[in-house]
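Examining the three-dimensional arrangement
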Amino acid sequence: HLNIETQYDYFSLAQYYANMYGKAELKKHIGSSMFSFNIDNDTLEKILKLNLRTIWTTNFDTTIERILQSNLIRYQVVNNDKSLANISSSEATTIYKLNGDCNDLENIIITMEDWEAYEETHPTMITFLKKELVSNTFLFYGYSFQDNLVKSMLSGIKRFVGDSCNTHFSIQR
């Protein structure tokens, strides 16, 4: 009975669904609908053709991979702490998926409960992301300022590094 169009806290919305119907049912629903939509996004496609070395995303869909593949751009996916150890130094673009991947529904970060446990369940991903935020410039595309994980990391980095931290950019709708 919720109006999904007015909900912006997707973790809480997913938690509500999981509480009502069970987390297994939520993941089953996600799994059955994840590959049924086709996203045409000219802006994202142009950005992905810029020969980016790394891409960080909180989305667990495969839109980025599909666009890279259709443009014959090699890529590798890192979607959990263990897969960080398998990063190759090849010329492939590395996609870091903070919330997991829809091809591994068992380990996606979808509910508020998952998000609240993130620092305990993904300590290496968090450390690696902090290192990347300190040493590289980021372009946030479609980033939601509701995302407290990245906001708190940037705030913490600024507290310790001060004004000498990297500049990051964002493209918003």
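Structure report, in brief.

Criteria and cut-off values
Each chain has its residues counted from 1, following the order in which its sequence is written. Note on the predicted model: pLDDT of at least 70 is required for a residue's local features to be given, and 80 or more for side-chain atom pairs to be given and counted; whole-chain, interface and lining totals, by contrast, use all residues. To get the side-chain values, all heavy atoms of the structure are used, and hydrogens and water are removed first. Helix numbers and strand numbers start at the N terminus; a helix is a DSSP run of H or I with at least 4 residues, a strand a run of E with at least 2. Our radius of gyration is a C-alpha quantity, and the globule rule it is checked against amounts to 2.2 Å times the number of residues to the power 0.38. A 1.4 Å probe rolled over the protein chains alone gives each residue an accessible area, and that area as a share of the maximum for its type sets the label: buried under 20%, exposed over 50%, partly exposed in between. The contact criterion used is simple: two residues touch if any of their non-hydrogen atoms lie within 4.5 Å. Here the Shrake-Rupley method, with its probe set to 1.4 Å, supplies the accessible areas, and only the displayed protein chains count as covering residues. Charged residues are defined narrowly, with Lys and Arg counted positive, Asp and Glu counted negative, and His plus the chain ends left uncounted. A charged residue contributes its charge at one atom only: NZ of Lys, CZ of Arg, CG of Asp or CD of Glu. Directions are taken from the helix axis to each C-beta atom, and the arc is the one they span. Only the contacting stretch of a helix is used when fitting its axis, a line to C-alpha atoms as for every element, and angles between N-to-C directions run 0 to 180 degrees. Should an angle lie under 35 degrees it is considered roughly parallel, over 145 roughly antiparallel, and from 65 to 115 roughly perpendicular; all remaining angles are considered oblique. Amino acids are sorted into nonpolar (Ala, Val, Leu, Ile, Met, Phe, Trp, Tyr, Cys and Pro), charged (Asp, Glu, Lys and Arg) and polar (every other residue, Gly among them). A pair of strands is labelled paired if DSSP reports no fewer than 2 bridges between them.

Notes on the overall build of the protein
Tallying secondary structure elements over the protein gives 8 helices and 5 strands in all. Along the protein, helices (α) and strands (β) appear in the sequence α-α-α-β-α-β-β-α-α-α-β-α-β when read from the amino end. Its C-alpha radius of gyration of 17 Å places the protein within 12% of the 16 Å reference for a compact globule of 173 residues. Seen along its three principal axes, the alpha-carbon backbone of the protein occupies a region of about 45 × 40 × 35 Å. Burial status across the protein gives 35% buried among its 173 residues. For the protein, contacts bridging at least 24 residues in sequence account for 64% of all contacts bridging at least 6. When the accessible surface of the protein is totalled, it reaches about 11,100 Å², and 53% of it is carbon and sulfur. Positive and negative charge centroids in the protein, built from 16 and 21 side chains respectively, lie 5 Å apart.

Observations concerning helix H2 (residues 23-33)
Because an α-helix completes one turn every 3.6 residues, residues spaced three or four positions apart along the sequence face the same direction. Along H2, the residues that are buried comprise Leu 26, Lys 27 and Ile 30. Projected onto a plane normal to the axis of H2, the buried residues spread over an arc of 95° and lie on a single side. Looking at H2, the residues exposed on the side facing more than 90 degrees away from the buried face are Ala 24, Lys 28 and Ser 32.

Focus on the packing of helix H1 (residues 10-21) against H2
Between H1 and H2, the shortest axis-to-axis distance is 7 Å and the interhelical angle comes to 120°. With respect to H2, the axis of H1 lies oblique. Each of Ala 14, Tyr 17, Ala 18 and Tyr 21 in H1 lies in contact with H2, whose residues at this interface are Lys 23, Glu 25, Leu 26 and His 29. Taken together, the residues of the contact of H1 with H2 sort by class into 5 nonpolar, 1 polar and 2 charged.

Notes on the sheet that holds strand S2 (residues 75-78)
Spatial ordering of the open sheet is given by S1-S3-S2, a layout of 3 strands whose pairing is parallel. The sheet is open, and its two edges are formed by strand S1 (54-57) and S2, each paired on a single side. Across the sheet, the axes of successive neighbouring strands diverge by a mean angle of 20°, strand direction being ignored. In this sheet, strand S3 (residues 93-97) lies alongside S1 in parallel orientation, the contact comprising 4 bridges. What sits directly across from Ile 55, in S3, is Ile 95. Contacts between helix H4 (residues 63-70) and the sheet are confined to S1, S2 and S3, with S3 contributing the most and set at about 170° to the helix. Against the sheet, helix H7 (residues 123-135) makes contact with S1, S2 and S3, and its axis sits at roughly 125° relative to S1, the strand it touches most.

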